[in-house]
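Reading the structure
Take a look at the letters that make up each chain.
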Amino acid sequence: MKIDGIYIGGWFQRTTLQLSEVYDFLKYAKSELKLSPKKLVELRENLNINKDIGTTYAIDGLEYLTYSTNDNIIIKVFEDGLITLHKNDVADITMFKEVDALAEYYEKKLSPAINYLFSLGAPVPKELANIKNVYPYFIVLNKCKSADIDNLIAKTENQKYFEYKSDAYEVHRGDKYYFINNLRKKPKDIERYIEEQIFIREFKAQLHRYLNLHRIIWEKIADVKENVTITGKEIIKSSNKIDGYQKTVTLIDGRIGQMSTYLKTREKLVKDDELLKEALDLIGYRYETLGNTLNYIKDLWKMTSNYVSSAKKLFSDLKSDITDRSINSLTIVTSMGVGASLIDLFTESAPSFSSFGVIYFFILALIGYGVSKLMNYIASHRKYEINDIEYDKNIK
């Protein structure tokens, strides 16, 4: 059984401006940003780039750059953020070892370098979602028998999720593994198909992460807002948490707003690509489906943003209530001090400047301090009612 190649990849939202930054880093280990020159050199050396081949900048529909490592791993970085890694001519007995080697290179060498290069500015979506990368692994076979393919799937997946067959190639998909049996296609055609599959799968996975993050944020806020009463101390903590959620929502809202541009560009390129004509029946409709899903997530995230804003306003009002009560408490303490002064003024028993007078002064100060602490304690443990609209989650 001959294995033509193994592919993995990922997608981060990028632009052609950032691609030129990646090129400068790969070519010269430099950046125009305020990053450590020593760190940049170390990260570039860690990539193990084959100096004889170097880094190439090219255009094929999208701008991209490519380089190879001394271990014969070929990396491509596209202007829209798609990254693919592959290795050609792999022996079947070392297939799983080579898959692990590709994943390790991506996780421990390439990703740290890219993350550091773009460490300034807004976080990337996967950092916001805090999700560990999970890749689809593409195994390209050459005129392999069906029995051998079934044997491979049995070693990697519990079941087969999808199967597609044509005169040119076959696709057998599990969960994390895609087995593509090339019957008569050119390697370049298969590679283009894999690139689009990685983009589609990563795009969908990112939307799914945002869906899950919406659920997490919504439930955390709901847990607070659905309490009948809350203490003053808890109001401050909850308000700070909501401020953090609002920042996260704002960042992700911007990322979601960018995604439609990437999707439309990829869809247009695929439909105009002669190499992908046969694959359009298999992947063409998925762009429309992803567009519909993106619109759904946009609407959902707008609801999330409004929900966070309403929670922020609710707790801001409660904090104002606490402030008003604290001012009232300080007024009481001040009044006590004024009262003591008036007693001294209108009575002849006011203590003179003596040891007793000093003690008298400190007793008054201690009483004032004690009353102030007592008022603050009462304010922080006072129960406040949370008045908010209740929603029935069981409505379908």
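Residues numbered from 1 in each chain as written. Predicted model: local features only at pLDDT ≥ 70, side-chain atom pairs only at ≥ 80, totals over all residues. Heavy atoms only, no water.

Looking now at the packing of helix α2 (residues 37–46) against helix α3 (residues 95–117). It is the contact of α2 with α3, at a shortest axis distance of 9 Å, that shows an interaxial angle of 150°. Considering the angle they form, α2 stands roughly antiparallel to α3. Like other packed secondary-structure pairs, α2 and α3 cross with a definite hand, here left-handed. Residues Lys39, Leu40, Leu43 and Asn46 of α2 touch α3, and the partners they reach there are Lys108, Lys109, Pro112, Ala113, Tyr116 and Leu117. Residue classes in the contact of α2 with α3 are distributed as 6 nonpolar, 1 polar and 3 charged. (Axes fitted to C-alpha atoms, helices over the stretch in contact; angles between N-to-C directions. Helix = DSSP H or I, 4+ residues; strand = E, 2+ residues; numbered from the N terminus. Parallel < 35°, antiparallel > 145°, perpendicular 65-115°, else oblique. Left-handed = near helix turned anticlockwise from the far one by under 90°. Contact = heavy atoms within 4.5 Å. Nonpolar A, V, L, I, M, F, W, Y, C, P; charged D, E, K, R; others polar.)

Okay, the pairing of strand β4 (residues 74–78) next. In terms of residue burial, β4 counts as a mostly covered element, since 4 of its 5 residues are buried. As judged from the 5 bridges shared by strand β3 (residues 62–68) and β4, these two strands associate in the antiparallel manner. Bridge pairing in β4 places Leu65 opposite Val77. Counting the residues between successive antiparallel strands, the hairpin from β3 to β4 contains 5 residues, one of them, Asn72, with a positive phi of roughly 70°. Two strands pair when backbone bridges link them, and β4 and strand β5 (residues 82–90) are joined in this way by 4 bridges, in the antiparallel orientation. Paired with Lys76 across the strands is Thr84, a residue of β5. Where β4 folds back onto β5 in an antiparallel hairpin, the turn is made up of 3 residues, including Gly81, whose phi is positive at roughly 105°. (Buried < 20%, exposed > 50% of the residue type's maximum accessible area, 1.4 Å probe, protein only. Pairing = 2+ DSSP bridges.)

Attention shifts here to the pairing of β5. Of all the 9 residues making up β5, 7 are buried; the element is thus mostly covered by neighbouring parts of the structure. Bridge analysis of strand β1 (residues 3–11) against β5 gives 8 bridges, and the strand direction is antiparallel. Within the sheet, the bridge partner assigned to Ile6 lies in β5 and is Lys87.

Evaluated as defined, the whole model comprises 13 aromatic pairs. With a centroid separation of 6.0 Å and 10° between ring planes, the pair formed by Tyr177 and Phe179 is classed as stacked. Accessibility expressed as a relative area gives 1% for Phe179, which makes it buried. Ring geometry for Tyr210 versus Trp301: centroids 6.4 Å apart, planes at 50°, classification tilted. Here the residue Tyr210 occupies a position in helix α6 (residues 187–225), and Trp301 occupies one in helix α8 (residues 280–346), the gap between them amounting to 91 residues. Each member of the pair, Tyr210 as well as Trp301, is classed as buried. By way of ring pairs, the aromatic residues Trp11, Phe199, Phe203 and Tyr262 are connected into one cluster. In this arrangement the basic side chain of Lys39 is found over the ring face of Tyr116, its NZ or CZ atom lying 5.8 Å from the centre. Here Arg266 stacks its cationic end above the ring of Phe199, 5.3 Å away from the centre of that ring. (Phe/Tyr/Trp six-rings, centres within 6.5 Å; stacked < 30°, edge-to-face > 60°. Lys NZ or Arg CZ within 6 Å of the ring centre and 35° of its normal.)

Further remarks concern the pattern of salt bridges. This structure, assessed with the given rule, holds 13 salt bridges. Measuring nitrogen to oxygen at the nearest pair gives 3.5 Å for the salt bridge that ties Asp60 to Lys188. Placement of the pair is Asp60 in strand β2 (residues 55–60) and Lys188 in helix α6, with a sequence separation of 128 residues. What makes Asp60 partly exposed here is its relative accessible area of 40%. On the basis of relative accessible area, Lys188 is assigned to the partly exposed category, the value being 32%. Taking the shortest distance from any N to any O, the salt bridge between Asp273 and Arg192 comes out at 2.9 Å. Here the residue Asp273 occupies a position in the loop between α7 (232–272) and α8, and Arg192 occupies one in helix α6, the gap between them amounting to 81 residues. (Salt bridge = Lys/Arg side-chain N within 4 Å of Asp/Glu carboxyl O.)

What follows covers the sheet that holds β4. Hydrogen bonds between backbone atoms are what pair the strands of a sheet, whose relative direction is either parallel or antiparallel. Reading across the sheet, the 9 strands line up as β2-β3-β4-β5-β1-β6-β9-β8-β7 and stay open at both edges, with mixed pairing between neighbours. Whereas interior strands pair on both sides, the edge strands pair on one side only; in this sheet they are β2 and β7 (162–165). Ignoring strand direction, the axes of neighbouring strands in this sheet form an average angle of 20°. One ladder, built from 4 bridges, connects β7 with strand β8 (residues 169–173); its direction is antiparallel. Each residue of the ladder has a partner; that of Glu163, found in β8, is His172. In the packing of helix α5 (residues 146–156) onto the sheet, the strands contacted are β6 (137–142), β8 and β9 (177–182), and the crossing angle to β9 comes to about 170°.

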